[in-house]
Amino acid sequence: MLHPSGKGYLSHLVLSGVWKASKATGHRWGSAVGPAAMVAVILLWVALQAIGWALIYYPHVPGGFMYSPGVNPADYPDIAEALYVSLVTLATLGFGDVVATDPWVRLASPLQGLAGFALLTAALTWFTQVYPPLSRRRALALELKGLADVNYAETLDEVDHAVATRILDTLTAQLEKVRIDFTQYTESYYFQEEDPDLSLARQLPYAFALRDAAAASPSKDLQLSGRRISVALEQLAKKLAEDFVPKDENPEDVFAAYANDHGQGAQG
């Protein structure tokens, strides 16, 4: 979450695992697959925290704790008791039925409580920060869809070149932002769009038509814009090939694999 381009190895395995499970069913999970994958990662965080702190408490069970009347530690395995203490402390519930008496355990307990509060905050923050990248991706998809609907690439030389250049440069900037989003918010890749108009995986191929039309134009400004959008497409394809889809030789194949992975056919 804090590193601008980092990702946890186990978290990435969970995200990709949930995605593959959804893909194996023909993506019947729909738009729920992304949130489900993130919930699975958060449950992994909770489990790792609970087990890790339980291992700290385990050597001190039961002698390092005081138990409320009616609670007999002999009735429970020591590891189960340590896990119970860890979960209660992590959730900051504070039932008071088990209280640490060992000095080191008394020090560890509030630290775990702080870790539990930080974990809750991190989970909420992680969920909220994924939606701006999704909005940018959907906006680019709608922009490409709108240009495709009016056959903008076919009429590129017939419109004002200054306006066309500005549109292509805006698309280049949006493509660069999407590449950054896939770098900083890798979990956003695993959000599937049920509406094909909002699916970048489906609409992205039209950017090649715009690139080719700009490259064929006699206007030097349009040619330059075409080269810029070509570089942006290559960089986005490289990012997708490195982290998400099978490596291919050219951007067209990478984006076809991207569309395939998201259950979206190429735009006709």
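Our subject is the structure that appears above.
Residues numbered from 1 in each chain as written. Predicted model: local features only at pLDDT ≥ 70, side-chain atom pairs only at ≥ 80, totals over all residues. Heavy atoms only, no water.

Brief notes about a nonpolar patch on the surface
(1) Moving on: Among the surface-exposed residues, Ile51, Leu55, Tyr58, Ile79, Leu83 and Leu87 lie close enough to one another that they form a single nonpolar patch of about 540 Å² accessible area.
(2) Moving on: Only helix H2 (33–57) and helix H3 (78–90) provide two or more residues apiece to the nonpolar patch.
(3) Moving on: Broken down by element, the residue count for the nonpolar patch peaks at three residues, all from H3.
(4) Moving on: For tyrosine 58, the position within the fold is in the loop between H2 and strand E1 (65–67). (Patch = residues over 30% accessible without salt bridge, like charges linked within 9 Å, V, L, I, M, F, W, Y side chains within 5 Å. Areas by Shrake-Rupley, 256 points an atom, 1.4 Å probe, with all protein chains shown as cover. Salt bridge = Lys/Arg side-chain N within 4 Å of Asp/Glu carboxyl O. Helix = DSSP H or I, 4+ residues; strand = E, 2+ residues; numbered from the N terminus.)

What about helix H1 (residues 9–24)?
(1) Moving on: A rise of 1.5 Å per residue sets the reference length of H1, with its 16 residues, at 22 Å; its end C-alpha atoms lie 22 Å apart and thus fit the reference within 8%.
(2) Moving on: For H1, the set of buried residues is Ser11, His12, Leu15, Ser16, Val18, Trp19 and Ser22. Projected down its long axis, H1 shows its buried positions confined to an angular sector of 155 degrees, all on one face. Exposed side of H1, more than 90 degrees from the buried face: Tyr9, Lys20 and Ala24 are the residues found there.
(3) Moving on: Buried positions along H1 lie against H2, helix H9 (220–243) and helix H10 (251–261).
(4) Moving on: In the stretch just after H1, glycine 26 is the one whose phi turns positive, near 75 degrees. (Expected span 1.5 Å × (residues − 1). Buried < 20%, exposed > 50% of the residue type's maximum accessible area, 1.4 Å probe, protein only. Arc of directions from axis to C-beta. Contact = heavy atoms within 4.5 Å.)

Things to note about the nonpolar core
(1) Moving on: In terms of nonpolar packing, the biggest core is built from 55 residues, with Tyr189, Leu204, Leu210, Leu240, Phe255 and Tyr258 touching the most fellow members.
(2) Moving on: The biggest single contributor to this core is H9, with eight residues.
(3) Moving on: Core analysis: the second largest hydrophobic core is formed by 12 residues, Ala54, Tyr57, Phe65 and Ala100 among them. (Core = buried A, V, L, I, M, F, W, Y, C linked by side-chain atoms within 4.5 Å.)

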